[in-house]
Amino acid sequence: MKKNLFALFFGALFGIGLGLSKMTDPQVVLGFFDISSQFNPLLLVVFISALATTLVGYRFVFKRSQPLIDTEFHLPEFTAIDKRLIFGSLVFGIGWGLSGYCPAPVLGILLFNPVEFMVFVLPMILAFYFLKCIKY
Amino acid sequence: MTTTELLLGILGGFLMGLSSIGLMLYLGRIAGISGIIQASLFANERAWRVVFIAGLILGSSLVFYFTPHSIEIRTDFPLALLALSGLLVGLGVAVGNGCTSGHGICGISRLSKRSLVATAVFFATALLTRYIVHDLLELLP
């Protein structure tokens, strides 16, 4: 219960951040990718602000031996830079550059652009199920 | 980019950072949205993930509700390309184990070389894709 309340709070904080910074507007995101025409640096500003904050905050968090309401930090143990990582990130970038949506912002548009939400999110979830089925 | 957009961009990024720090401090979890979506469908511990996603939707909807003119609703994007984009993003984040939040924000903050490489790759291919589709092929407005 406590876990869910904190998850709701931090989820809402993330969503408010996405909205205030206009990352829920894919045209703003595509503006950053338009280096040759109507370049808009906002995506980079938001990304650097989020990264700098987390980079500093994590240093304090990881001084602890465990999180406040769990017994351990759940961190990926895999560290190899392999073909899977490169190929996956490459394909993700193509999809991102095409529409201007990555997984977080597209969730945020559910209530104000339900058409784009459905047309993007259904194939994304289909891809998750497909990879799960073939155990890739 | 106006000054207001710049300041709200910094504030918004800061709030996403606080969310990522908080999720790690309290739950010990990475705020990687693609991972959270997948685990909310397949993993054993689904509840907090579903609630986090609901919170995210609530948060960005609240911003839209109070400032409806802040976002231009896009209605002219070709739906076939949008569906293709969703499919590619789904395949890519699942195979590459993360997206802009998980690799870009949390991963680099953990000083993970894997995440740094992933982030460089997806930013580069996004820029290149936009250049090809928009500037060279002129498929999009």
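Turning our eyes to something else, we now look at the nonpolar core. Core analysis: the biggest nonpolar cluster contains 75 residues, and Trp96 of chain A together with Phe52 of chain B have the highest contact counts within it. The element best represented in this core is helix 3 (residues 42-61) of chain A, accounting for nine residues. The contact partners of Phe52 of chain B, leaving out residues within four places of it in the chain, are Ala7, Phe10, Gly11 and Phe14 of chain A together with Ser19, Leu23, Ile33 and Ile36 of chain B.

Our focus in this paragraph is the interface of chain A and chain B. Listed per partner, the contact involves 103 residues of chain A and 100 residues of chain B. In this assembly, chain A packs against chain B so that about 9600 Å² is buried in total across both faces, 77% of it on carbon and sulfur atoms. Broken down residue by residue, the surface that chain A buries against chain B is led by Phe14, Leu98 and Phe128 of chain A, which jointly contribute 8%. Taken together, the links from chain A to chain B amount to five salt bridges. Between Glu5 of chain B and Lys22 of chain A there is a salt bridge whose closest N-O contact spans 2.9 Å. Counting across the interface, chain A meets chain B through 29 residue pairs in polar contact (both at pLDDT 80 or more). Of all the elements in the fold, those that place two or more residues in the side of chain A that touches chain B are helix 1 (2-20), helix 2 (26-33), helix 3, helix 4 (83-99), helix 5 (103-108) and helix 6 (114-133) of chain A. Taken together, the residues of the side of chain A that touches chain B sort by class into 65 nonpolar, 26 polar and 12 charged.

All names here are of chain B. Here the domain parsing of chain B yields domain 1 (1-73) and domain 2 (76-141). Computed from C-alpha atoms alone, the centre-to-centre distance between domain 1 and domain 2 is 18 Å. Surface buried jointly by domain 1 and domain 2 totals about 600 Å² across both partners, of which 70% is contributed by carbon and sulfur atoms. Counting across the interface, domain 1 meets domain 2 through zero salt bridges.

Within an α-helix, residues lying three or four positions from one another point in the same direction, as the helix has 3.6 residues per turn. All names here are of chain B. For helix 6 (residues 113-136), with 24 residues, the first-to-last C-alpha span of 33 Å sits near the 34 Å given by 1.5 Å per residue. Taking the backbone nitrogen of Arg114 as reference, a side-chain oxygen 3.4 Å away marks Ser112 as the first, capping residue of helix 6. At the C-terminal side of helix 6, Glu138 shows a positive phi close to 50°.

Cut-offs used in this document
Residues numbered from 1 in each chain as written. Chains lettered and ligands numbered in written order. Predicted model: local features only at pLDDT ≥ 70, side-chain atom pairs only at ≥ 80, totals over all residues. Heavy atoms only, no water. Core = buried A, V, L, I, M, F, W, Y, C linked by side-chain atoms within 4.5 Å. Buried < 20%, exposed > 50% of the residue type's maximum accessible area, 1.4 Å probe, protein only. Helix = DSSP H or I, 4+ residues; strand = E, 2+ residues; numbered from the N terminus. Contact = heavy atoms within 4.5 Å. Buried area = accessible area lost by both parts, 1.4 Å probe. Salt bridge = Lys/Arg side-chain N within 4 Å of Asp/Glu carboxyl O. Polar contact = N/O pair within 3.5 Å; in protein donor to acceptor, adjacent residues only side chain to side chain. Nonpolar A, V, L, I, M, F, W, Y, C, P; charged D, E, K, R; others polar. Domains from an automatic or database assignment. Expected span 1.5 Å × (residues − 1).

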